[in-house]
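# Observations on the three-dimensional arrangement
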Amino acid sequence: QKEVEQDPGPLSVPEGAIVSLNCTYSNSAFQYFMWYRQYSRKGPELLMYTYSSGNKEDGRFTAQVDKSSKYISLFIRDSQPSDSATYLCAMSKETSGSRLTFGEGTQLTVNP
Amino acid sequence: GAVVSQHPSWVICKSGTSVKIECRSLDFQATTMFWYRQFPKQSLMLMATSNEGSKATYEQGVEKDKFLINHASLTLSTLTVTSAHPEDSSFYICSARDGQRQGPSNYGYTFGSGTRLTVV
């Protein structure tokens, strides 16, 4: 069983839709949770990071972590065609120099 | 913000030759550098972790003699794919962490833009 599970999609939505992306994990030692966006043939860029359970909002993006269910989510409001990319969840156990464990990534297309 | 410059962005080489990929942290000191490879429509697979001035730690199944990693300074790490073969064709990405920043604001690692290697 993979440590981090993420539905690879692809997910296709109309412009303006609310997008929900999710990951589940099995290792309760994970403490730090991140979402990365990766455009085709580019390196991932950090969108959101959260520590432990709770919500965090940044503009159109909201990250949620539910440690009791081992479930994290990323919501994108008012989705735009420029949001079309692959979204990767990532998590780690410690702060300093800790390796990241990635989900498979969900490919999102926002249609104009 | 922190920037990691990765070069080249793409390279085509003949089977049996070696290829060097460079990653430079432009505005911070990268005490730890991670090297990943990514196959099409798959996630990032960690190959190795390197700390400045010490030998890299390789993940299980990654050949250290084939994928040579050098992290000789706080701003530069290199990955050399030796005696490359077509099965080494992949997207290679580095990631660095700013060792001088602490706390949650440092938590995200900065990624390079990736190198697409094609071995023919």
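Look above for the structure.
Since the structure is predicted, the reported quantities are computational estimates derived from the model, not experimental observations. (Residues numbered from 1 in each chain as written. Chains lettered and ligands numbered in written order. Predicted model: local features only at pLDDT ≥ 70, side-chain atom pairs only at ≥ 80, totals over all residues. Heavy atoms only, no water.)

### A short note on a nonpolar patch on the surface
Residue and element names in this part refer to chain B. A grouping of Trp10, Ile12 and Val120 is seen on the molecular surface, where their side chains present a nonpolar patch of about 370 Å² in accessible area. Relative to the elements of secondary structure, Trp10 occurs in strand 2 (residues 10-13). Given a relative accessible area of 58%, Trp10 falls into the exposed group. (Patch = residues over 30% accessible without salt bridge, like charges linked within 9 Å, V, L, I, M, F, W, Y side chains within 5 Å. Areas by Shrake-Rupley, 256 points an atom, 1.4 Å probe, with all protein chains shown as cover. Salt bridge = Lys/Arg side-chain N within 4 Å of Asp/Glu carboxyl O. Helix = DSSP H or I, 4+ residues; strand = E, 2+ residues; numbered from the N terminus. Buried < 20%, exposed > 50% of the residue type's maximum accessible area, 1.4 Å probe, protein only.)

### Overview of the pattern of salt bridges
This structure, assessed with the given rule, holds seven salt bridges over all chains. Across the pair A:Glu57 and A:Arg77 runs a salt bridge whose closest N-O atoms are separated by 3.4 Å. Taken together, the residues span a long stretch of sequence, with A:Glu57 in strand 6 (residues 54-58) and A:Arg77 in the loop between strand 8 (71-76) and strand 9 (85-92) at a distance of 20 residues. Residue classification places A:Glu57 among the exposed residues on the basis of a relative accessible area of 59%. For A:Arg77, a relative accessible area of 29% translates into the label partly exposed. B:Glu59 is the partner of A:Arg99 in a salt bridge, and the nearest nitrogen-oxygen pair spans 2.7 Å. Highlighted residues: A:Arg99 in the loop between strand 9 and strand 10 (101-102) and B:Glu59 in the loop between strand 6 (57-58) and strand 7 (67-73), drawn from two different chains. Relative accessible area serves as the criterion here: at 41%, A:Arg99 is assigned to the partly exposed category.

### Section: the sheet that holds strand 7 (residues 61-66) of chain A
Residue and element names in this part refer to chain A. Ordered by their spatial adjacency, five strands build an open sheet running 1-3-8-7-6, and the pairing between neighbours is antiparallel. Either end of the sheet is taken by a strand with one partner, and the two such strands are strand 1 (4-6) and strand 6. When the angles between neighbouring strand axes are averaged without regard to direction, this sheet yields 15°. Strand direction decides the pairing type here: strand 3 (residues 19-25) and strand 8, joined by six bridges, are antiparallel. Paired with Val19 across the two strands is Ile76, which belongs to strand 8. (Pairing = 2+ DSSP bridges. Axes fitted to C-alpha atoms, helices over the stretch in contact; angles between N-to-C directions.)

### Some points on the packing of aromatic side chains
How two aromatic rings sit relative to each other is given by the distance of their centres and the angle of their planes. Throughout the structure, instances matching the rule amount to 10 aromatic pairs over all chains. Centroid distance A:Tyr36 to A:Phe102: 5.9 Å. Interplanar angle 50°. Geometry classified as tilted. Here A:Tyr36 is found in strand 4 (residues 32-38), whereas its partner A:Phe102 is found in strand 10, with 66 residues between them in sequence. Assigned by exposure class, A:Tyr36 and A:Phe102 land together as buried. Considering the side-chain rings of B:Tyr36 and B:Phe111, the 5.8 Å spacing of their centres and the 40° angle between planes classify their relative orientation as tilted. (Phe/Tyr/Trp six-rings, centres within 6.5 Å; stacked < 30°, edge-to-face > 60°.)

### With respect to the interface of chain B and chain A
Contacts between chain B and chain A engage 24 residues on the former and 23 residues on the latter. For the pairing of chain B and chain A, the buried interface totals around 1800 Å² over both sides, and the portion due to carbon and sulfur atoms is 58%. In this structure, the connection of chain B to chain A is made through one salt bridge. Of all the secondary structure elements, the ones that give two or more residues to the side of chain B that touches chain A are strand 4 (30-38) and strand 9 (90-98) of chain B. Of all the elements, strand 4 of chain B adds the most residues to the side of chain B that touches chain A, at four residues. Partitioning the side of chain B that touches chain A into residue classes produces 10 nonpolar, 10 polar and four charged. (Contact = heavy atoms within 4.5 Å. Buried area = accessible area lost by both parts, 1.4 Å probe. Nonpolar A, V, L, I, M, F, W, Y, C, P; charged D, E, K, R; others polar.)

### Let's talk about the sheet that holds strand 7 of chain B
All names here are of chain B. Spatial ordering of the open sheet is given by 1-3-8-7, a layout of four strands whose pairing is antiparallel. Strands with a single pairing partner mark the edges of an open sheet, and in this sheet they are strand 1 (4-7) and strand 7. Adjacent strand axes in the sheet meet at a mean angle of 15°, parallel and antiparallel pairs treated alike. Where strand 1 and strand 3 (residues 19-25) come together, four bridges link them in antiparallel fashion. Within the sheet, the bridge partner assigned to Val4 lies in strand 3 and is Ser25.

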